[in-house]
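# Survey of secondary and tertiary structure
Listed here are the chains, written in short residue letters.
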Amino acid sequence: MDFNFKKYIEILNKLFRKNLSSDDITISKDIKTQIDKRPCKVPFERLEIYPDGEIIPCCPDFLKDICHAGNIEKQEFDEIWNGKVFSELRKKLMKKDFSYCKRNICTSYEPYLQQKIPSDYKKGPKEIRITYDKECNYNCITCRDEVIVNSPEKLDLYNNVYLPKILEAAKNLECVSLSGAGDPLFSKHLKNLTKKLIEIRPNLKFILITNGYFLNEETLAELGIQNNIKGITVSLDAATRETYKNIRRTDAFDRIVKNLEIMSRWKKNGKIEWLVINFLIHSLNYKEMPDFVKLAQKLDIMASFSTYRPWPSAKLHEQYDDVAVFEPYNKEYKKFVKILRNPIFKDKKHCSFQQKLLEIVSS
Ligand code: SF4
Ligand code: SF4
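As the structure is a prediction and not an experimental result, all values here were calculated from the model.

This part is about the site of ligand 2. Near ligand 2 you find Cys-136, Tyr-138, Asn-139, Cys-140, Cys-143, Arg-144, Gly-182, Asp-183, Asn-211 and Ser-235, and these make up its full shell. Residue composition of the shell around ligand 2, grouped by class: 4 nonpolar, 4 polar and 2 charged.

Take a look at the structure:
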């Protein structure tokens, strides 16, 4: 099963037009004021490598005309980083021209607002987000209908074409984010890449986006990154073993919670900066949202809520209208809003929401 980037964007755009009007989701006035004063720094600092080697200056959901800046399979890294698309976007941003951006929904630039544009940005990105490798030990219903393991040919391509180019681009690198498409602690290629990166850049920081199954000291030590973790996001989507099993098709809720307990201690001791558990909201799990915050409180970590987005490799996307309880036209919308009014969601230390939901929580 191959990821179809164009199809994904088509689906997203269709849904954005249909369901996510610009008025539905707005960035806060504070952020608007700040970004009006400072240009967005994202394309000066980071890039993302998507399936099929596509390189995008920031999240494709936030760019109006998807900026295909190049392809790692066909081009050299420098040629892309200092190429036409990145240069044009940077020039526009310097003039505070956001004509490429869906500014009303973009949240990517927020963490970068306080930073200056790095004077040496032409040398290469400070951060790379690696989201091209879909190899994962899970097949969650929101993501895919079968477990994806790289074929020998794909593995060969990743190890012999992508990997050397990423190592070459690592000269200015401070942080690598893995993954968002598969599991970085399961994928043979990503584990190989991680070991090689840490060999040449021993101070490199890593952000892990994982299902948490292999999130333990042994795996991190095997990769040599037990002291190099900046932050970890674990996608959980449930507060009970049963719902977890139904959504993630793996009976491992208790195992993940145990792993989270260890990582929570690491966070408490300052070994990692942040630890987040993700909850992708849809009809199968929204009633567990308050209990999910309780779990985050118990672990003293952050629960992050966002709405389900359709992923074409999973059949569930065909039932979007039925499962999207956060859409006002959904038959369970009222029940969903009632749940969001629970005072537990005011605990800002342990829960965060995407802007669209925040407006309901704070109303
Ligand atoms: S404002 Fe948002 S969409 Fe535009 S370049 Fe910055 S991060 Fe990307
Ligand atoms: S959602 Fe994450 S854990 Fe689940 S199949 Fe997709 S990549 Fe794997």
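The immediate surroundings of ligand 1 are formed by 12 residues, with Cys-40, Cys-58, Cys-101, Cys-106 and Ser-108 found nearest. A class-by-class count of the residues in the shell around ligand 1 yields 10 nonpolar, 1 polar and 1 charged.

Bringing the confidence of the model for the protein chain into the picture now. With 87% of its residues at a pLDDT of 70 or more, the protein chain shows a mean pLDDT of 87. When the criterion is pLDDT under 50, residues 15-27 qualifies, and its contacts beyond four places in sequence or with other chains add up to 16 contacts.

Taking 1.5 Å as the rise per residue, helix H10 (residues 253-268) with 16 residues should run 22 Å; its terminal C-alpha atoms sit 22 Å apart, in good agreement. Those residues of H10 lying buried are Ile-256, Asn-259, Leu-260, Met-263 and Lys-267. Buried residues of H10, viewed axially, fall in a sector of 105°; they line one side. Turned more than 90 degrees away from the buried face of H10, the exposed residues are Asp-254, Glu-261 and Ile-262. The inward-facing, buried residues of H10 abut strand E7 (229-235), strand E8 (274-281) and helix H11 (289-299).

With that settled, consider helix H7 (residues 188-200). Under the 1.5 Å per step criterion, the end-to-end length of H7 is 19 Å for 13 residues, consistent within 8% with the ideal 18 Å. Those residues of H7 lying buried are His-189, Leu-190, Leu-193, Thr-194 and Leu-197. Angular distribution of buried residues about the axis of H7 spans 135°; they occupy a single face of the element. Buried-residue contacts for H7 involve helix H6 (152-169), strand E5 (175-179) and helix H8 (217-223).

When glycine is set aside, most residues are seen to have a negative phi, and most peptide bonds are trans. Of the consecutive residues Leu-178 and Ser-179, the connecting peptide bond is found in the cis state with omega at 0°. Locating Ser-179 in the fold gives a position in strand E5. Here the phi dihedral of Asp-52 falls at roughly 70°; this positive angle occurs in a residue that is not glycine. For Asp-52, the location among the structural elements is in the loop between strand E1 (46-49) and strand E2 (54-56). Here the phi dihedral of Asp-300 falls at roughly 55°; this positive angle occurs in a residue that is not glycine. Here Asp-300 shows up in the loop between H11 and strand E9 (302-307).

Okay, the sheet that holds E8 next. Strand order in the open sheet formed by 10 strands is E3-E2-E1-E4-E5-E6-E7-E8-E9-E10, with mixed pairing between adjacent strands. The sheet is open, and its two borders are formed by strand E3 (70-71) and strand E10 (351-353), each paired with just one other strand. Pairing geometry for strand E4 (residues 127-130) and E5, over 4 bridges, is parallel. If you follow Glu-127 over to E5, its bridge partner there is Cys-175.

A few words now on the pairing of E9. Pairing analysis gives 6 bridges linking E8 to E9, with the strands arranged parallel. The partner of Phe-279 across the bridge, within E9, is Phe-305. Each parallel crossover has a hand, and the one from E8 via H11 to E9 is right-handed. Pairing geometry for E9 and E10, over 3 bridges, is parallel. Among the inter-strand pairings, Ala-303 is bridged to a residue of E10, identified as Cys-351.

Rules and cut-offs
Residues numbered from 1 in each chain as written. Chains lettered and ligands numbered in written order. Predicted model: local features only at pLDDT ≥ 70, side-chain atom pairs only at ≥ 80, totals over all residues. Near = placed C-beta within 6 Å. Nonpolar A, V, L, I, M, F, W, Y, C, P; charged D, E, K, R; others polar. pLDDT = per-residue confidence, 0-100. Contact = placed C-beta atoms within 7 Å. Helix = DSSP H or I, 4+ residues; strand = E, 2+ residues; numbered from the N terminus. Expected span 1.5 Å × (residues − 1). Buried ≥ 20, exposed ≤ 12 C-beta atoms within 10 Å, placed from the backbone. Arc of directions from axis to C-beta. Pairing = 2+ DSSP bridges. Right-handed = clockwise from strand over helix to strand, strands pointing away.

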